[in-house]
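Structure assessment
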Amino acid sequence: MDLPELPDRIRVATPEDVPAILRMIRELAEFEREPDAVKATPELLREAMFGPDSVASALIAVDDGGNAAGFALWYRTFSTWEGVPGLYLEDLYVSEHQRGSGMGRALLSALARIALHRGWTRLEWAVLRWNSDAIGFYDGLDARPLDDWLTYRISGPALGSLGS
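Residues numbered from 1 in each chain as written. Predicted model: local features only at pLDDT ≥ 70, side-chain atom pairs only at ≥ 80, totals over all residues. Heavy atoms only, no water.

**Details of the overall build of the protein**
Within the protein, the secondary structure is distributed over five helices and five strands. When its helices and strands are written in sequence order, the protein yields β-α-α-β-β-β-α-β-α-α. Within the protein, buried positions represent 35% of all 164 residues. In the protein, of all internal contacts separated by at least 6 residues, the share reaching a separation of at least 24 is 57%. Carbon and sulfur atoms make up 52% of the accessible area of the protein, which amounts to about 10,700 Å² in all. Put simply, the protein has 16 plus and 25 minus side-chain charges, and the middle of one group is 1 Å from the middle of the other. (Helix = DSSP H or I, 4+ residues; strand = E, 2+ residues; numbered from the N terminus. Buried < 20%, exposed > 50% of the residue type's maximum accessible area, 1.4 Å probe, protein only. Contact = heavy atoms within 4.5 Å. Areas by Shrake-Rupley, 256 points an atom, 1.4 Å probe, with all protein chains shown as cover. Lys, Arg positive; Asp, Glu negative; His and termini not counted. Charge placed at Lys NZ, Arg CZ, Asp CG, Glu CD.)

Structure, rendered in structure tokens:
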């Protein structure tokens, strides 16, 4: 993967990080009040991030002991208007005991560096409306919500019905 220099304590995830990533995904689901929603397995994550047809990438934030304490899982998008790819941040998570340490900002900075290094024009993500701490953090980075856009999702039986 062609990468710029990353901030201190941020590195590219490896297959060995899959258990830590899955642990943090479960912690994130608990925080987001959806503890039973995680269906991902180590095998699914390994295939998605490191398989022959990988679709996602991740960065790891490490604590002073070198342990994974945060992650950013992302994938490439494409803008028809810009004519170039962009980066969509699926999940940004920092362990509760590391929040406020600068890890979240370092992970976002690393993603911005990747996008700029590759000539991509966008870094986008979604945030839950009730997560005021995250919203304040993002506002402090001069990120702005796209108020004119609604996020839609179709899944489960509705996806099956539409696809049949």
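So much for the structure itself; the text now carries on.
**What about helix α1 (residues 18-31)?**
In this model α1 runs 20 Å from its N-terminal to its C-terminal C-alpha over 14 residues, within 8% of the 20 Å that 1.5 Å per residue would give. Along α1, the residues that are buried comprise V18, A20, I21, L22, M24, I25, L28 and A29. Close packing links the buried residues of α1 with α2 (42-50), β2 (57-62), β3 (68-79) and β4 (84-94). Backbone geometry just downstream of α1 places R33 in the positive-phi region, at approximately 65°. (Expected span 1.5 Å × (residues − 1).)

**Describing the sheet that holds strand β5 (residues 123-125)**
Taken in spatial order, the five strands make up an open sheet running β1-β2-β3-β4-β5, and their pairing is mixed. Each edge of the sheet is formed by a strand with only one pairing partner; in this case those strands are β1 (10-12) and β5. Along the sheet, successive strands turn relative to each other by an average axial angle of 30°, direction set aside. Most of the contacts of helix α3 (residues 103-117) go to β4, to which it runs at about 165°, and overall it touches β1, β2, β3, β4 and β5. (Pairing = 2+ DSSP bridges. Axes fitted to C-alpha atoms, helices over the stretch in contact; angles between N-to-C directions.)

**Notes on the nonpolar core**
Nonpolar side chains tend to gather and get buried jointly when the protein is soluble and globular. Ranked by size, the top nonpolar core spans 23 residues in total, and within it I10, L59, W74, L92, L107 and L111 carry the most contacts. A per-element tally of this core places α3 first, with eight residues. Beyond its immediate stretch of four places on either side in the chain, I10 contacts L59, I60, A61, M103, A106, L107 and A110. If you look at the next biggest cluster of nonpolar residues, it comprises 18 residues, including I21, I25, A58 and A68. (Core = buried A, V, L, I, M, F, W, Y, C linked by side-chain atoms within 4.5 Å.)

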